[in-house]
There are 4 protein chains.
Amino acid sequence: MGKWFDIVLIFVILFSVLLIMLESVKQIDEEYHRTLLTLEWVVTILFTIEYIARIICIQKPFKYIFSFYGIIDFLSTIPLYLSYVLAGSQVLLAVRAFRLLRVFRILKLVRFLGEASQLKSALRASSAKITVFLFAVLILSVMLGTLMYLVEGDEAGFTSIPMSIYWTIVTLTTVGYGDIAPITPQGQFIATVIMLLGYGVIAVPTGMVTVEFGKRSRALKTGEDKVEKFVHVNTQACPSCSKEGHRDDASHCYNCGSLLNE
Amino acid sequence: MGKWFDIVLIFVILFSVLLIMLESVKQIDEEYHRTLLTLEWVVTILFTIEYIARIICIQKPFKYIFSFYGIIDFLSTIPLYLSYVLAGSQVLLAVRAFRLLRVFRILKLVRFLGEASQLKSALRASSAKITVFLFAVLILSVMLGTLMYLVEGDEAGFTSIPMSIYWTIVTLTTVGYGDIAPITPQGQFIATVIMLLGYGVIAVPTGMVTVEFGKRSRALKTGEDKVEKFVHVNTQACPSCSKEGHRDDASHCYNCGSLLNE
Amino acid sequence: MGKWFDIVLIFVILFSVLLIMLESVKQIDEEYHRTLLTLEWVVTILFTIEYIARIICIQKPFKYIFSFYGIIDFLSTIPLYLSYVLAGSQVLLAVRAFRLLRVFRILKLVRFLGEASQLKSALRASSAKITVFLFAVLILSVMLGTLMYLVEGDEAGFTSIPMSIYWTIVTLTTVGYGDIAPITPQGQFIATVIMLLGYGVIAVPTGMVTVEFGKRSRALKTGEDKVEKFVHVNTQACPSCSKEGHRDDASHCYNCGSLLNE
Amino acid sequence: MGKWFDIVLIFVILFSVLLIMLESVKQIDEEYHRTLLTLEWVVTILFTIEYIARIICIQKPFKYIFSFYGIIDFLSTIPLYLSYVLAGSQVLLAVRAFRLLRVFRILKLVRFLGEASQLKSALRASSAKITVFLFAVLILSVMLGTLMYLVEGDEAGFTSIPMSIYWTIVTLTTVGYGDIAPITPQGQFIATVIMLLGYGVIAVPTGMVTVEFGKRSRALKTGEDKVEKFVHVNTQACPSCSKEGHRDDASHCYNCGSLLNE
């Protein structure tokens, strides 16, 4: 039963995110405003019920309320109510922002990503190096950006140093929008150097992550031939410690050992 | 002889795809419409003969017809006939779509890619991780896209949330068309963050595929010094089990052992 | 105490770089010119004090003055003074360039990046290969650029060979601004070939850096299980040998062994 | 002495390529046409002398003439002479093309890249896989390009299937010029899928090259602790076997053992 609940939950989340997207398309909103609002209310009420049910089922509700998932669940529920409360006041932009907060509902899907994900641990392991790397990239960008600001004039779009730094990062990451592009020969020469630098720069995070993955994969192999497996976990929370991510066939919490209510 | 048949087949396929391409260029189509149509008929008749011959030669024709290659062969043959049948009716767009289906003929070339390709197995092995990764990228894109929709106005091209998400993916993947680009300082700041994020994001699939390739390459080396070899296989189908990909010098099917007809 | 000094230093550096950026934005400069100039003077005086203090504290000041950090410290201090000296003369562009030299203050942050960074050593180890690689890329770019200049006319923006080479590097590095883009079918065909080449080309530095990282990571593991650690080092210079980067709890210089002044 | 000859040669090559580039810039060519032509004649005569000297010094001149370097040396020398011969006739474009052939002089630099380059051997080892990969990318591009041609109209720039395929490769390789970009929602959705595909696609060559580099680096380490070293080789050709790339201190040819003339 917990499994079916999860599947329904995934569809409700995806459906509600789709609603927010459609609402933002002007033509669709104008034509189907009433329908969209009604559906939005249905989703919000479903989420409200889920949120209250979770609080009731868990023995330590405060722990849940202030946990990552608890806050996400709250933020997924509250915006529509708040938009009515605040509608009277004139802070329109704030209301619009609040309504869009609903898009964070998609974070509810994080629950289903699998706890043991190799990805997360590899990224965490190289986080110190990534910080040093980003720091170095920023120092480089500030200097190269200032240089380009000096070399290229306002004509080419390099109107200020922050703008030039923006362009430098666009170039170093090989995104290259082309909204700003050097037009003087000197500027184009420096741009060429920056692009070739970008080659080396883009190699660094790739190298770091690859080595982390390789380590993890070798560890799995040599250690005890542990095979990395994905089991289906559900979103049921342990009634005593509010931990989530139990196996579908679990009868006890993997964290505290207390009985799970079927 | 099977080898010569294959080489002719490759050229006919490439020639027919070239025909479809040339047909789509307006100037060329206007001038040489008759010639192109005639050649298209020649190719279609050749493919029809091949399709019928395959069905006749194989003992279990139904297995072939509903196999991957069987469907591709059918789709490569039928569109021209269908376009005549449907021409009387007014569903012009559907006819155009059907005619373009012929481009799937290029999939007939997959036969020659070699079954034992390391590529395919490496991609399959990391497919679970790739799914998790794409899922995470989509969640990230929805949130960042919504943020940009809020920050940038209609002027910059961020007219709706789906449009903003499209822009976010264009940026995260470092494609960067530049048809939509942030113009406000805040928007450009967030864009910078997204690009730096893109650094890490692009490193993940590269790392995964590299480790998979590395594993495979080490396995080949340590195991029994098996050398990865490419042998030329042809498209002859086994008459009893309709399996393809036999070696040129094979006399028996590698799958069921029955004699291949020379 | 040395620790607090460093933290204050980091903030002063970041603040001063922010000042330079804001100054370059015309609207902000017009409105707050006086405030920005005053703050700039405060920062410059702080840096002057730091520079003089460093010279006084160290026994061999000349070694410091001509060291990397010594030159950076000097360049971070002098521009504002110089801009007044030169203001009388009419070399305005040179003055502007001098003022922007202040942005090199950000290099003062390099001190805090950590000496033992894996990054630096990996890049240095593969520097010979990187040179060969860049050399090969440049040879390729010159030839492909000339080819495109021949094939595409002035219309598409390929006005000279240097411009074509610029475009080729923009394409090979997958930046792709789109300010210049081929318009003839032949040009687009060659562009396609260049992009597919770019695939292979971008793989090379990534591969080299990854292998270097992998070597380093394995060396750490097999050797003596040395764990790569980051300790907090400060910017205090040894009074006798002027070496920087001592641990916070160091009482003696790690380079010459002489006592550090607390 | 051979060493000095090589250094002078490198500078003459770089200088001559610079000449060709400057000549292609209209403003510079108009103003300094005479000077550039004179210098070009000087360079051409130097190359002619070098070419003739090489033929005379080597015992088997025909082997050299039809070798890679022999052809490059010939192509570096002949265009200016030919341009005079052909100037009388009216085939102007051909003349222009011939003159630009001189840019291949840069290939003379390949001599100095070092024979033992890891790069070349790694790329050669994975050439079979790279062919399969490129083949797969082309099949994918033809299908996705046709799909986009069907979905997007002429308005967005998808005027024919070849144009659509060009756009697909621009997108898959993450270059993204933006000269053509989808404008319909369906087109943008497919573009998004193509970009995410591009993630995986770009990972494949990177993975292959990285693994090749890794193998080579491990082989060097485990085998006999051979250290990869770069020694300076010069362009002197062996008088008996015309092999190039001898060490500066070599007295005998490393290939055939015959004495090298000092």
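Residues numbered from 1 in each chain as written. Chains lettered and ligands numbered in written order. Predicted model: local features only at pLDDT ≥ 70, side-chain atom pairs only at ≥ 80, totals over all residues. Heavy atoms only, no water.

Peer 1: What is the right way to look at the overall build of chain A in this model?
Peer 2: The helix and strand tally for chain A stands at nine helices and two strands. Reading chain A from its N terminus to its C terminus gives the helix and strand order α-α-α-α-α-α-α-α-α-β-β. Out of the 262 residues belonging to chain A, those deemed buried represent 48%. A separation of at least 24 residues holds for 58% of the contacts in chain A among residues at least 6 apart in sequence. (Helix = DSSP H or I, 4+ residues; strand = E, 2+ residues; numbered from the N terminus. Buried < 20%, exposed > 50% of the residue type's maximum accessible area, 1.4 Å probe, protein only. Contact = heavy atoms within 4.5 Å.)

Peer 1: Just checking my understanding: could you explain the relation of the copies chain A and chain B for this structure?
Peer 2: The operation relating the two chain copies consists of a rotation about an axis and a shift along that axis. If you rotate chain A by 90 degrees and push it 0.0 Å along the axis, it lands on chain B with an RMSD of 0.1 Å. The symmetry that links the two subunits is that of a four-fold axis. A share of only 18% of interface residues in chain A that are also interface residues in chain B marks the association as one of differing surfaces. (Least-squares fit on C-alpha atoms with pLDDT ≥ 70 in both.)

Peer 1: Help me understand empty space enclosed by the protein, please; the structure alone is not making it clear to me.
Peer 2: The final tally for this structure, using the stated rule, is 11 cavities of 30 Å³ or more. Here the largest cavity defines a volume of roughly 300 Å³. Mapped onto the lining of the largest cavity, the elements with two or more residues apiece are helix H9 (185–222) of chain A, helix H9 (185–222) of chain B, helix H9 (185–222) of chain C together with helix H9 (185–222) of chain D. Element by element, the count of residues in the lining of the largest cavity is highest for H9(D), at five residues. Looking at the lining of the largest cavity residue by residue, the class counts come to four nonpolar, nine polar and four charged. Reported here for the second largest cavity is a volume of approximately 150 Å³. Taken together, A:Thr174, A:Ile202, A:Thr206, B:Thr174, B:Ile202, B:Thr206, C:Thr174, C:Ile202, C:Thr206, D:Thr174, D:Ile202 and D:Thr206 form the lining of the second largest cavity. Counting residues per element, the ones that place at least two in the lining of the second largest cavity are H9 of chain A, H9 of chain B, H9 of chain C together with H9 of chain D. (1 Å grid on protein atoms, 1.4 Å probe; cavity = no way out; pocket = protein on both sides within 12 Å on 5 of 7 lines; lining within 4 Å. Points joined across faces, edges and corners; volume = space filled by probe spheres on them. Nonpolar A, V, L, I, M, F, W, Y, C, P; charged D, E, K, R; others polar.)

Peer 1: Would you mind going over the UniProt feature "transmembrane region" (unreviewed entry) in chain A with me for this structure?
Peer 2: Residues and elements named next belong to chain A. Residues given the UniProt feature "transmembrane region" (unreviewed entry) here are residues 7–25, 37–57, 64–86, 130–151, 163–183 and 189–211. Each end of residues 7–25 is marked by a C-alpha atom, and these two atoms are 28 Å apart; helix forms 95% of the span and strand 0%. Annotation note: span residues 37–57, helix share 100%, strand share 0%, distance between end C-alpha atoms 30 Å. (UniProt positions renumbered as here; feature names shortened; annotations may be inferred.)

Peer 1: I tried to follow the packing of aromatic side chains on my own but got confused; where do I start?
Peer 2: Centre-to-centre distance and the angle between the planes together describe a pair of aromatic rings. Overall, the coordinates contain 24 aromatic pairs over all chains when judged by the stated rule. Chaining the aromatic ring pairs together yields one cluster made of A:Tyr51, A:Tyr64 and A:Phe74. (Phe/Tyr/Trp six-rings, centres within 6.5 Å; stacked < 30°, edge-to-face > 60°.)

Peer 1: Would you take a moment to explain the interface of chain C and chain D for this structure?
Peer 2: How big an interface is tends to be stated in terms of accessible area lost as the parts join. Listed as interface residues are 41 residues of chain C and, on the opposing side, 45 residues of chain D. Across the interface of chain C and chain D, roughly 4,000 Å² is buried in total on both sides, 76% from carbon and sulfur atoms. A per-residue breakdown of the area chain C buries against chain D is headed by C:Leu150, C:Met195 and C:Tyr199, which together make up 18% of the total. Inspection of the region where chain C meets chain D yields one salt bridge. One salt bridge in this structure joins C:Asp154 and D:Lys26, with 3.6 Å as the shortest N-O distance. For the pair chain C and chain D, the number of links is five residue pairs in polar contact (both at pLDDT 80 or more). Of all the secondary structure elements, the ones that give two or more residues to the side of chain C that touches chain D are helix H7 (127–151), helix H8 (161–172) and H9 of chain C. In terms of residues, the side of chain C that touches chain D owes the most to one element, H9(C), which gives 15 residues. Considering only residue class, the side of chain C that touches chain D consists of 25 nonpolar, 12 polar and four charged. (Buried area = accessible area lost by both parts, 1.4 Å probe. Salt bridge = Lys/Arg side-chain N within 4 Å of Asp/Glu carboxyl O. Polar contact = N/O pair within 3.5 Å; in protein donor to acceptor, adjacent residues only side chain to side chain.)

Peer 1: In this structure, what is going on with the interface of chain A and chain B? I would like to understand it.
Peer 2: Contacts between chain A and chain B engage 45 residues on the former and 42 residues on the latter. Where chain A abuts chain B, roughly 3,900 Å² becomes buried across the two surfaces, and 75% of that area is made up of carbon and sulfur atoms. Taken together, the connections running from chain A to chain B amount to one salt bridge. At the junction of chain A with chain B, the criterion picks out five residue pairs in polar contact (both at pLDDT 80 or more).

Peer 1: Just to check I follow, could you spell out the packing of helix H7 (residues 127–151) of chain A against helix H8 (residues 161–172) of chain A for this structure?
Peer 2: All names here are of chain A. At a minimum axis separation of 8 Å, H7 and H8 run at an interaxial angle of 120 degrees. The orientation of H7 relative to H8 falls into the category oblique. Crossing of H7 over H8 shows right-handed handedness. Along its contact with H7, which presents Val137, Leu138, Leu140, Ser141, Val142, Leu144, Gly145, Thr146, Met148 and Tyr149, the element H8 presents Ile161, Ser164, Ile165, Trp167, Thr168, Ile169 and Leu172. (Axes fitted to C-alpha atoms, helices over the stretch in contact; angles between N-to-C directions. Parallel < 35°, antiparallel > 145°, perpendicular 65-115°, else oblique. Left-handed = near helix turned anticlockwise from the far one by under 90°.)

Peer 1: Can you help me understand helix H2 (residues 26–57) of chain D in this one?
Peer 2: Note that an α-helix has 3.6 residues per turn; residues three or four places apart therefore point the same way. Considering bend angle alone, the principal kink of H2(D) is centred on D:Tyr32 and spans about 85 degrees. By the burial criterion, the buried members of H2(D) are D:Leu36, D:Glu40, D:Val43, D:Thr44, D:Phe47, D:Thr48, D:Glu50, D:Tyr51 and D:Arg54. (Bend = angle between axes of the 7 residues up to and from the residue.)

Peer 1: Whenever I open this one, the environment of B:Glu30 confuses me. Can you help?
Peer 2: Residues and elements named next belong to chain B. Position of glutamate 30 relative to the elements: it lies in helix H2 (residues 26–57). In this structure glutamate 30 comes out as exposed when scored by relative accessible area, which is 68%. With 36 residues separating them along the chain, glutamate 30 and phenylalanine 66 place their C-alpha atoms 38 Å apart.

Peer 1: So what exactly am I meant to see when it comes to the environment of A:Cys253 here?
Peer 2: In this fold, A:Cys253 is placed in the segment after strand S2 (246–247). Classification of A:Cys253 as buried rests on a relative accessible area of 4%.

Peer 1: Which parts of the structure should I look at to understand the pattern of salt bridges?
Peer 2: Oppositely charged side chains can pair when the atoms bearing their charge come close. Under the definition given, this model contains 12 salt bridges over all chains. With its nearest N and O atoms 3.0 Å apart, the salt bridge here joins D:Glu50 to D:Arg54. Linking D:Glu50 with D:Arg54, this pair stays in helix H2, spanning four residues, or about one helical turn. A cluster of three or more residues bridged by salt bridges with shared partners is formed by A:Glu50, A:Arg54 and A:Asp73.

Peer 1: How should a nonpolar patch on the surface be read in this particular structure?
Peer 2: Residue and element names in this part refer to chain A. On the surface, a cluster of nonpolar side chains totalling about 350 Å² of accessible area is made up of Val42, Ile45, Leu46 and Ile49. Its location among the elements puts isoleucine 49 in helix H2 (residues 26–57). Looking at isoleucine 49, the relative accessible area reads 54%, which means it is exposed. (Patch = residues over 30% accessible without salt bridge, like charges linked within 9 Å, V, L, I, M, F, W, Y side chains within 5 Å. Areas by Shrake-Rupley, 256 points an atom, 1.4 Å probe, with all protein chains shown as cover.)

Peer 1: Any chance you could explain unusual backbone geometry here in plain terms?
Peer 2: Excluding glycine, most residues fall at negative phi; most peptide bonds, likewise, are trans. Positive phi outside glycine occurs at A:Thr174, with the angle close to 60 degrees. On the secondary structure map, A:Thr174 appears in the loop between H8 and H9.

Peer 1: Teacher, can you tell me more about the side chain of D:Ser164 here?
Peer 2: All names here are of chain D. By the secondary structure assignment, serine 164 is in helix H8 (residues 161–172). What makes serine 164 buried here is its relative accessible area of 0%. Those residues in contact with serine 164 that sit more than four places away from it in its chain are Gly145, Met148, Tyr149 and Phe158.

Peer 1: Any chance you could explain the side chain of C:Ser24 here in plain terms?
Peer 2: Following the sequence through the fold, C:Ser24 ends up in helix H1 (residues 2–24). A polar atom in the side chain of C:Ser24 sits 2.7 Å from the backbone oxygen of C:Met21. C:Ser24 has contacts with A:Tyr149, A:Thr159, A:Ser160, A:Ile161 and A:Pro162, leaving out every residue within four places of it along the chain.

Peer 1: Just to check I follow, could you spell out the confidence of the model for chain A for this structure?
Peer 2: All names here are of chain A. Residue-level pLDDT values for chain A average 77, and 74% of them are 70 or greater. Of all secondary-structure elements in chain A, the lowest mean pLDDT belongs to helix H5 (residues 92–101), at 59, while H8 reaches the highest, 92. Every residue in residues 223–231 is under pLDDT 50, and counting partners more than four places away or in other chains gives seven contacts. The ipTM value of the predicted complex is 0.80, and its pTM value is 0.82. (pLDDT = per-residue confidence, 0-100.)

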